[in-house]
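Residue-level structural notes
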Amino acid sequence: MINLRIVLVYFLVADWWFCEAAALENGTKNFTSENNIGNESFGNGGFESVLPRRKWISELFYEARTAFRLNSEVNAECKRDFDLFKLHLGNQSTWAVKMLESSEWPLVGILYGLVNHMGNYDECLSISSYGIDGQYCLVEAMYNYPDALHSEVVENPDEKISSWEVVSMYGKNPVRINRKKLRFAVCIPSSCTPTDLKISLNHTLHPIFNAHELNITIDVDPVLCKIRDKPARPLGYYIVRNLFGAIFFLVICGTLYDVATFTGVEMKTEGGIYRYFIHARF
């Protein structure tokens, strides 16, 4: 009887040990799978492919914004003004901070469909310091993900799939916002041309995007660049100004004529000087 109890206890302990070992092994596998979600593409219940590590679009634009410099080889004034902007930005000068924060690079909401980043138009055009005026430019950027993963249109993609697949699918759906085409605002000195901005952006963005096997095209339409207009004076201003100018000119001419015709003999007579001033003034 005692031996039977010992055998029964032995089997119970062994069964408990095997169950714990199996649970520990399954937990380790699940933990490994969850940590690989960022590098896996989930299909219909299984792993389809392993994606190379790429930074997300907003990460790339953040890196580009930090590295961006207006460095025109043909426009020395533009380069000088931008260098002055960077110098004053280091000192936290108000006009330089305005130029920085009135720009809005695409850093948020791209996956959600926020593709127009308009910045602050009025703040940019209000800049006028050290002979530098603010110029507001709206930049158009089109990036392309060469090895798109999906060829079919899906209305509501699974949130576990790669964000790049979502961008690719929305780009093929005509009723959805195309996440590959972005517009963003850049505030630059008015001495810089749209061509200067386009060349500098290409010089900054292409190496960053190409390093992650992404292509990007930049376009800066001169029509979408704006400099503050000088206040136009109304027509009435010029009419009144010219009228008063003409009256003042006639008064001066009349006074000079009277002085010239008042002879020196009359000046020497009694009361001549007095009559001269009275005559000249009235």
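Residues numbered from 1 in each chain as written. Predicted model: local features only at pLDDT ≥ 70, side-chain atom pairs only at ≥ 80, totals over all residues. Heavy atoms only, no water.

With that settled, the discussion passes to the overall build of the chain. When its secondary structure is counted, the chain shows 10 helices and 8 strands. Looking at the chain residue by residue over its 282 residues, the buried ones come to 32%. Counting only contacts in the chain whose residues sit at least 6 apart along the sequence, the fraction spanning at least 24 positions is 67%. When the accessible surface of the chain is summed, it comes to about 18600 Å², and 60% of that surface belongs to carbon and sulfur atoms. (Helix = DSSP H or I, 4+ residues; strand = E, 2+ residues; numbered from the N terminus. Buried < 20%, exposed > 50% of the residue type's maximum accessible area, 1.4 Å probe, protein only. Contact = heavy atoms within 4.5 Å. Areas by Shrake-Rupley, 256 points an atom, 1.4 Å probe, with all protein chains shown as cover.)

The final tally for this structure, using the stated rule, is 9 aromatic pairs. A centroid spacing of 5.1 Å and a plane angle of 75° characterise the contact between Tyr121 and Tyr136, whose relative ring orientation is edge-to-face. Here Tyr121, found in helix 5 (residues 121-125), pairs with Tyr136, found in strand 5 (residues 132-144); they are 15 residues apart in sequence, far enough to count as distant. The class of Tyr121 is partly exposed, set by a relative accessible area of 36%. Aromatic ring contacts, followed pair by pair, group Phe61, Phe68, Phe82, Phe85, Trp95, Trp105, Tyr130, Phe184 and Phe209 into a single cluster. (Phe/Tyr/Trp six-rings, centres within 6.5 Å; stacked < 30°, edge-to-face > 60°.)

This part takes up the confidence of the model for the chain. For the chain, the mean per-residue pLDDT works out to 75, and 65% of the residues sit at or above 70. Below pLDDT 50 for its whole length, residues 27-51 participates in 20 contacts with residues either more than four positions away or in separate chains. (pLDDT = per-residue confidence, 0-100.)

This paragraph deals with the state of the cysteines. The tally for this structure, following the rule as stated, stands at 3 disulfides. Put simply, Cys124 and Cys187 are joined by a disulfide, and their sulfur atoms are 2.1 Å apart. With the S-S dihedral at roughly 90°, the linkage between Cys124 and Cys187 falls on the right-handed side. Residue Cys124 is located in helix 5, and its partner Cys187 is located in strand 6 (residues 181-189); the two are separated by 63 residues in the primary sequence. For Cys124, a relative accessible area of 0% gives the class buried. Here Cys137 is linked by a disulfide to Cys225, with a sulfur-sulfur distance of 2.1 Å. (Disulfide = S-S within 2.5 Å.)

A few words now on the pattern of salt bridges. Throughout the structure, instances matching the rule amount to 8 salt bridges. Of the charged contacts, one joins Arg80 and Asp81 as a salt bridge, the two residues approaching to 3.1 Å between their closest N and O atoms. Because the salt bridges share partners, they merge into one network encompassing Arg69, Lys79 and Asp83. (Salt bridge = Lys/Arg side-chain N within 4 Å of Asp/Glu carboxyl O.)

This next bit is on the pairing of strand 5. Two faces belong to every sheet, and in a regular strand the side chains alternate between them. Within strand 5, 10 of the 13 residues are buried, which leaves it mostly tucked inside the rest of the structure. Looking at chain direction, strand 4 (residues 128-129) and strand 5 are connected through 2 bridges and run antiparallel. Across the sheet, residue Ser129 finds its bridge partner in strand 5, namely Ile132. If you look at the hairpin formed by strand 4 and strand 5, you'll find 2 residues sitting between the two strands, and Tyr130 has a positive phi there, around 55°. Here strand 5 pairs with strand 6 via 9 bridges, running antiparallel. The partner of Val139 across the bridge, within strand 6, is Phe184. As judged from the 3 bridges shared by strand 5 and strand 8 (residues 225-227), these two strands associate in the antiparallel manner. Residue pairing for strand 8: Gln135 is matched across the bridge by Ile227. Two strands pair when backbone bridges link them, and strand 5 and strand 7 (residues 215-219) are joined in this way by 5 bridges, in the antiparallel orientation. (Pairing = 2+ DSSP bridges.)

Nonpolar side chains in soluble globular proteins tend to be buried together. Ile57, Leu197 and Phe209 are the most contacted members of the largest nonpolar core, which totals 47 residues. Of the residues forming this core, the biggest block, 7 residues, is contributed by strand 5. Those residues in contact with Leu197, other than ones at most four positions away along the chain, are Phe68, Leu70, Cys137, Val139, Val186, Ile188 and Val220. (Core = buried A, V, L, I, M, F, W, Y, C linked by side-chain atoms within 4.5 Å.)

Structurally, Lys180 is set in the loop between helix 6 (163-171) and strand 6. Not counting residues within four places of it along the chain, the set of residues in contact with Lys180 comprises Ala141, Met142, Tyr143, Asn144, Tyr145, Val167 and Ser168.

This part covers the environment of Glu213. The topology assignment puts Glu213 in the loop between helix 7 (194-210) and strand 7. The exposure class of Glu213 is partly exposed, given its relative accessible area of 47%. Each C-alpha atom, one on Glu213 and one on Arg54, is 8.4 Å from the other, the two residues being 159 residues apart in sequence.

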